[in-house]
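# Per-entry structural report
The chain contents come next:
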Amino acid sequence: MKLKSFLAMITTAVALGLGMMASAPATFADGYQRVKTTWQSSPNVFQVKSQYKNRKVYLWNSTHTKKILQLNNYPNTNWYRNHTYTYRHNGKLSVYYGINGWTPNNQYTQKGIVWRGYLRPGYNTNYKVWNNLQPGNFSNNQEYAKYIQESPSQHFSKMVLKLFPNTPLSWKLTSERDAFPVQTNPTTGVKSLPSFTDVIVFPSVDKYFDRAFYKQDVSD
């Protein structure tokens, strides 16, 4: 019985040891220890912050042992976050974004990680080389208005805005109209979006603006 108990203790200890090894954070050659991984429900767009435009901002491999590329060598690229890593290095925690780049020519860069402090949310502001960007990824009215004025895909939108010179452009309204169906109150018939009420819908105008029904080079 004593021998069986001793063997059982050894087996339990080994099993616990293996369990601890399996759950231990990954440690890499240069001392970076990944302690947490968070997968994003949807990618978010980022850019290098203005104060780092003239500095070397590197994209690293996932083990933080090899430089893949320098972000500032891709000045017209949008960077898409797919996941977030937390690393421990020299006793300190730091957060990295797992990203890959998308160029105006629809080319993708290699995936890698970059310290989040180098990045800001939002599209690349060189809108002259970008077409058909999603409204929901802009950050404010100013960015969206600049995109409409500069992007080749927004030529028709500019013409429409000139017809309503005293009407403010709402990035939030545009993004919600793009992302959500308009809801109709069954009692009052009032149409609404998450942040707006008394929405007026023009189906013929929607169709005219839709590239799938009209012309791809006219509007987005």
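What comes next is a walk through the structure. The model shown is predicted, which means the values in this text are computed figures rather than measured ones.

Right, let's get into the overall build of the chain. The number of helices and strands found in the chain is five helices and eleven strands. When the 220 residues of the chain are sorted by exposure, 30% land in the buried category. Considering only intrachain contacts with a sequence separation of at least 6, the fraction spanning at least 24 residues in the chain is 51%. Approximately 14500 Å² of the chain is accessible, and the part contributed by carbon and sulfur atoms is 56%.

Take the sheet that holds strand 11 (residues 196–197) next. Taken together, the three strands give an open sheet; going across it, the order is 9-10-11, and neighbouring strands pair in antiparallel fashion. Edge positions in the sheet fall to strand 9 (183–184) and strand 11, since each of these pairs with one other strand and no more. Pairing of strand 9 with strand 10 (residues 191–193) involves two bridges; the strand directions are antiparallel. Considered in strand 10, the bridge of Q183 is made with S192.

Let us look at helix 2 (residues 141–150). Residues E143, Y144, Y147 and I148 constitute the buried set of helix 2. Relative to the axis of helix 2, the buried residues are bounded by an arc of 135° and lie together on one face. You can read the cap of helix 2 off the contacts: a side-chain oxygen lies 3.1 Å from the backbone nitrogen of Q142, and it is on N140.

Here the focus is the packing of aromatic side chains. Counting across every chain of the model gives 17 aromatic pairs. Between F46 and Y97, the ring centres sit 5.0 Å apart and the planes meet at 45°, which makes this aromatic pair tilted. Pair noted here: F46 is in strand 2 (residues 33–48) and Y97 is in strand 6 (residues 92–102), with a separation of 51 residues, a long-range link. Here F46 falls in the buried class, since its relative accessible area comes to 6%. Ring geometry for Y123 against F138: centres 4.9 Å apart, planes inclined by 65°, an arrangement best described as edge-to-face.

Turning our attention to the side chain of T84. For T84, the location among the structural elements is in strand 5 (residues 78–89). Within the structure, the side chain of T84 is placed 2.6 Å from the side chain of Q40, a separation counted as a polar contact. If near-sequence neighbours (up to four positions away) are discounted, T84 is found in contact with K36, T37, T38, Q40, V95, Y96 and Y97.

On to unusual backbone geometry. Phi at N132 is positive, roughly 60°, even though this residue is not glycine. Look at D198: it is not a glycine, yet its phi comes out positive at around 55°. Note on placement: D198 falls in the loop between strand 11 and helix 5 (203–209). Judged by relative accessible area, D198 falls into the exposed class, the value being 57%.

Side chains of nonpolar character tend, in soluble globular proteins, to be buried together. Judged by nonpolar contacts, the single largest core of 13 residues is most densely connected at L71, I99, V114 and L119. Counting only elements with at least two residues in this core, the list comes to strand 2 and strand 6. Broken down by element, this core gets its largest block of residues, three residues, from strand 6. If you look at the next biggest cluster of nonpolar residues, it comprises twelve residues, including Y127, L133, Y147 and I148.

Conventions used here
Residues numbered from 1 in each chain as written. Predicted model: local features only at pLDDT ≥ 70, side-chain atom pairs only at ≥ 80, totals over all residues. Heavy atoms only, no water. Helix = DSSP H or I, 4+ residues; strand = E, 2+ residues; numbered from the N terminus. Buried < 20%, exposed > 50% of the residue type's maximum accessible area, 1.4 Å probe, protein only. Contact = heavy atoms within 4.5 Å. Areas by Shrake-Rupley, 256 points an atom, 1.4 Å probe, with all protein chains shown as cover. Pairing = 2+ DSSP bridges. Arc of directions from axis to C-beta. Polar contact = N/O pair within 3.5 Å; in protein donor to acceptor, adjacent residues only side chain to side chain. Phe/Tyr/Trp six-rings, centres within 6.5 Å; stacked < 30°, edge-to-face > 60°. Core = buried A, V, L, I, M, F, W, Y, C linked by side-chain atoms within 4.5 Å.

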